[in-house]
Amino acid sequence: MIPENHPRYQSLMLRNKMAEGVMQGIVHPTGLIAHGRGEAFDYLLGERTQSFADDAARAAAAYLKIAKKPVISVNGNVAVLVADEIVKLAEETGMKIEVNLFHRTEERVEKIISILEKHGGRDILGMEGDAKIPGLAHNRAICSHEGIYAGDVILVPLEDGDRCEALKRMGKKVLTIDLNPMSRTARNANVTVVDNVIRAIPNIREHYGDVKKPEEIIAKWNNRKHLQMAMDFICERLRTYYR
Ligand code: PTJ
């Protein structure tokens, strides 16, 4: 039991959720390592949505507004952390939800689909695995023809760099949420929200509700500049932390 007044309460609760997710076979064991890396970056970012992340969430919402076939790719970590918010975002944007795993097993796909369904998700893709992302070896290339394969704008939170690049080569617009502004995914995506997925998904949803003139937001968007802003923020925070 973690006392609610513990200064690291939320962070410890998330760790517990992740550990339970591993025990239930939802999160891959290496998902804990990915979570730990995310935690470290979140600490450096002050564990809140900074202005560059808020701008990126607006740009992501703008891409979702103009999308004809938007899809969100859900893995084990994301399902455990924000299944409810994903379902709400999908409902409001008309986005399809696809369970798409780096360490794919049918058993994990099924379990993640059922979590999303418990939160009200409908017609979740992933089991069919009837298409392949070209240029990727092994099971992580497997995707749904109706979902990621046919989609035009793909939101891939906590993605691996390889797949992000392969999706770009297919001509898709890739939106990602990654606390590490230096990751290959962060560098390759069209929009990178450098924020924790637990804050970023509801924030994208909020922006989706009030985005006006999405084409203008997209035309002005410079992802590299925003990644540098995240790096500058971390550097400045470290430089002045004990002053
Ligand atoms: O469930 P599976 O089989 O699809 O596997 C999922 C993981 C996450 C294990 C897999 O995709 C993986 O190994 O990912 P990486 O390459 O470690 O990348 C994860 C990235 O997400 C890292 O850059 C982390 O900093 C970042 N990250 C971790 N937790 C969060 C996060 N970003 C946003 N919010 C988080 N909560």
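Remember, it's a predicted structure, so these values are computed and weren't measured experimentally.

This next bit is on the side chain of His226. Relative to the assigned elements, His226 resides in helix 11 (residues 223-240). Using a relative accessible area of 10% as the deciding quantity, one classes His226 as buried. With residues up to four places along the chain from it excluded, the contact list for His226 reads Phe52, Asp55 and Trp221.

Looking now at the site of the ligand. Within the structure, the ligand sits among 22 residues, and Phe102, His103, Arg108, Asp178 and Asn196 are positioned closest to it. Side-chain polar atom of Asn196 to a nitrogen atom of the ligand: 2.9 Å apart, as the coordinates give it. In isolation the ligand has 750 Å² of accessible area, and contact with the protein removes 92% of it. Of the residues contributing to the shell around the ligand, the split by class is 7 nonpolar, 10 polar and 5 charged.

Turning our eyes to something else, we now look at the sheet that holds strand 7 (residues 191-193). The strand order 2-1-5-6-7 describes an open sheet built from 5 strands, whose pairing is parallel. At either end of the open sheet lies a strand with only one pairing partner, and these are strand 2 (96-99) and strand 7. Taken pair by pair, the neighbouring strands of this sheet meet at an average axis angle of 20°, ignoring direction. In terms of strand pairing, strand 1 (residues 70-74) meets strand 5 (residues 153-157) through 3 bridges, oriented parallel. Within the sheet, the bridge partner assigned to Pro70 lies in strand 5 and is Val153. Across the sheet, helix 3 (residues 51-66) lies against strand 1, strand 5, strand 6 (173-177) and strand 7, angled at about 135° from strand 7, the strand it touches most. Packed on one face of the sheet, helix 4 (residues 76-93) meets strand 1, strand 2 and strand 5 and runs near 170° to strand 1.

This brings us to the packing of helix 4 against helix 5 (residues 106-118). Relative placement of two packed helices is described by the angle separating their axes and the distance separating the axes. Orientation of helix 4 relative to helix 5, taken along the N-to-C sense of each, is 30°, at an axis distance of 9 Å. Considered as vectors, helix 4 and helix 5 are oriented roughly parallel to each other. The interaxial crossing formed by helix 4 with helix 5 has right-handed handedness. Two secondary-structure elements touch here, helix 4 through Gly76, Ala79, Ala83, Ile86 and Val87 and helix 5 through Arg108, Ile112, Ile115 and Leu116. The residue makeup of the contact of helix 4 with helix 5, split by class, is 7 nonpolar, 1 polar and 1 charged.

Note that Asn203 resides in helix 9 (residues 197-210). With residues up to four places along the chain from it excluded, the contact list for Asn203 reads Thr49, Asp54 and Ala57.

Before going further, it helps to spend a moment on helix 2 (residues 29-44). Relative to the 22 Å expected for 16 residues at 1.5 Å per residue, helix 2 spans 24 Å between its end C-alpha atoms, a close match to the ideal helical length. Of all the residues in helix 2, the buried ones are Gly31, His35, Gly38, Glu39, Phe41 and Asp42. Each element contacted by the buried residues of helix 2 is listed here: helix 1 (9-23), helix 4, helix 9 and helix 11. Backbone geometry just downstream of helix 2 places Gly46 in the positive-phi region, at approximately 80°.

Turning to its location among the elements, Pro157 is positioned in strand 5. Accessibility expressed as a relative area gives 1% for Pro157, which makes it buried. Separated by 64 residues in sequence, Pro157 and Trp221 have C-alpha atoms that sit 19 Å apart. When sequence neighbours within four positions are dropped, the list of residues in contact with Pro157 reads Ile72, Ser73, Asn75, Val78, Thr176, Ile177 and Val197.

This next bit is on the packing of helix 3 against helix 9. Look at helix 3 against helix 9: their axes get within 8 Å of each other, and the N-to-C directions meet at 60°. By the criterion of interaxial angle, the relationship of helix 3 to helix 9 is oblique. Once helix 3 is placed against helix 9, the crossing between them reads as right-handed. Judged by residue contacts, Asp54, Ala57, Arg58, Ala60, Ala61, Leu64 and Lys65 of helix 3 engage Asn203, Ile204, His207 and Tyr208 from helix 9. A class-by-class count of the residues in the contact of helix 3 with helix 9 yields 6 nonpolar, 2 polar and 3 charged.

What counts as what
- Residues numbered from 1 in each chain as written.
- Predicted model: local features only at pLDDT ≥ 70, side-chain atom pairs only at ≥ 80, totals over all residues.
- Heavy atoms only, no water.
- Helix = DSSP H or I, 4+ residues; strand = E, 2+ residues; numbered from the N terminus.
- Buried < 20%, exposed > 50% of the residue type's maximum accessible area, 1.4 Å probe, protein only.
- Contact = heavy atoms within 4.5 Å.
- Near = heavy atom within 4 Å.
- Polar contact = N/O pair within 3.5 Å; in protein donor to acceptor, adjacent residues only side chain to side chain.
- Areas by Shrake-Rupley, 256 points an atom, 1.4 Å probe, with all protein chains shown as cover.
- Nonpolar A, V, L, I, M, F, W, Y, C, P; charged D, E, K, R; others polar.
- Pairing = 2+ DSSP bridges.
- Axes fitted to C-alpha atoms, helices over the stretch in contact; angles between N-to-C directions.
- Parallel < 35°, antiparallel > 145°, perpendicular 65-115°, else oblique.
- Left-handed = near helix turned anticlockwise from the far one by under 90°.
- Expected span 1.5 Å × (residues − 1).

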